[in-house]
Amino acid sequence: MSALTAQRATITLCHRRDLVAHSGVVAWHDSHQIALFYLPGQPRDADVPDRSEALYAVDNHDPFSGANVIGRGIVGNVGGERVVASPIYKQHFRLRDGVCLEDPEQRLTVWPVRLEGDEVILEL
């Protein structure tokens, strides 16, 4: 087995000061509107307990309405899963993988994202 591991390209998408706690903001990158959800004081996922804050990056485009509105959705919890509810037809999308709870055939694109100091780092 090779000791080399593939490294993903990353970019600094924005800064911590651009985020709104417990809500969404939208950033633009390479023709994509990316909705960022910042949840300080909440670990990202049970399998990553060392992080004291959660940050998610999902597609801003709602597949049901065709509108770019996911960043305006309401963040909540359904069945132990962190979700965002579309502000138009109210479908719930899991933040960790973008899957729609009401219609698992539909999903939002998700990007790995993290905070490094005050920079929001997006993996491409």
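The structure this text deals with has already been given above.
Our subject in this report is the structure included herewith. Keep in mind it's a predicted model, so treat the numbers as computed, not measured.

1. As for the sheet that holds strand S8 (residues 110-111)
- The four strands lie next to each other as S2-S3-S4-S8, forming an open sheet whose pairing is antiparallel. Edge positions in the sheet fall to strand S2 (23-29) and S8, since each has one partner strand and no second.
- Where strand S3 (residues 32-40) meets strand S4 (residues 53-59), seven bridges bridge the pair, whose relative direction is antiparallel. Its bridge partner being in S4, Leu36 is matched across the sheet by Ala57.

2. Overview of the pattern of salt bridges
- One pass over the full model with this rule turns up eight salt bridges.
- Across the pair Arg8 and Glu123 runs a salt bridge, and its minimum N-O distance is 3.7 Å. With Arg8 in the segment before strand S1 (10-15) and Glu123 in strand S10 (residues 119-123), this pair connects stretches of sequence that are 115 residues apart.
- Between Glu123 and Arg114 there is a salt bridge, with its nearest N and O atoms 3.0 Å apart.
- Residues participating in the shared-partner salt-bridge network are Arg8, Arg114, Glu116 and Glu123.

3. Quick word on the packing of aromatic side chains
- One pass over the structure, following the stated rule, counts one aromatic pair.
- With a centroid separation of 6.2 Å and an interplanar angle of 45°, the aromatic rings of Phe64 and Phe93 are classed as tilted. Of the two residues, Phe64 is situated in the loop between S4 and strand S5 (74-78) and Phe93 in strand S7 (residues 92-94); the sequence distance between them amounts to 29 residues.
- Exposure remark for Phe64: the relative accessible area of 28% places this residue in the partly exposed category.
- For Phe93, a relative accessible area of 0% puts it in the buried group.

Analysis parameters
Residues numbered from 1 in each chain as written. Predicted model: local features only at pLDDT ≥ 70, side-chain atom pairs only at ≥ 80, totals over all residues. Heavy atoms only, no water. Pairing = 2+ DSSP bridges. Helix = DSSP H or I, 4+ residues; strand = E, 2+ residues; numbered from the N terminus. Salt bridge = Lys/Arg side-chain N within 4 Å of Asp/Glu carboxyl O. Phe/Tyr/Trp six-rings, centres within 6.5 Å; stacked < 30°, edge-to-face > 60°. Buried < 20%, exposed > 50% of the residue type's maximum accessible area, 1.4 Å probe, protein only.

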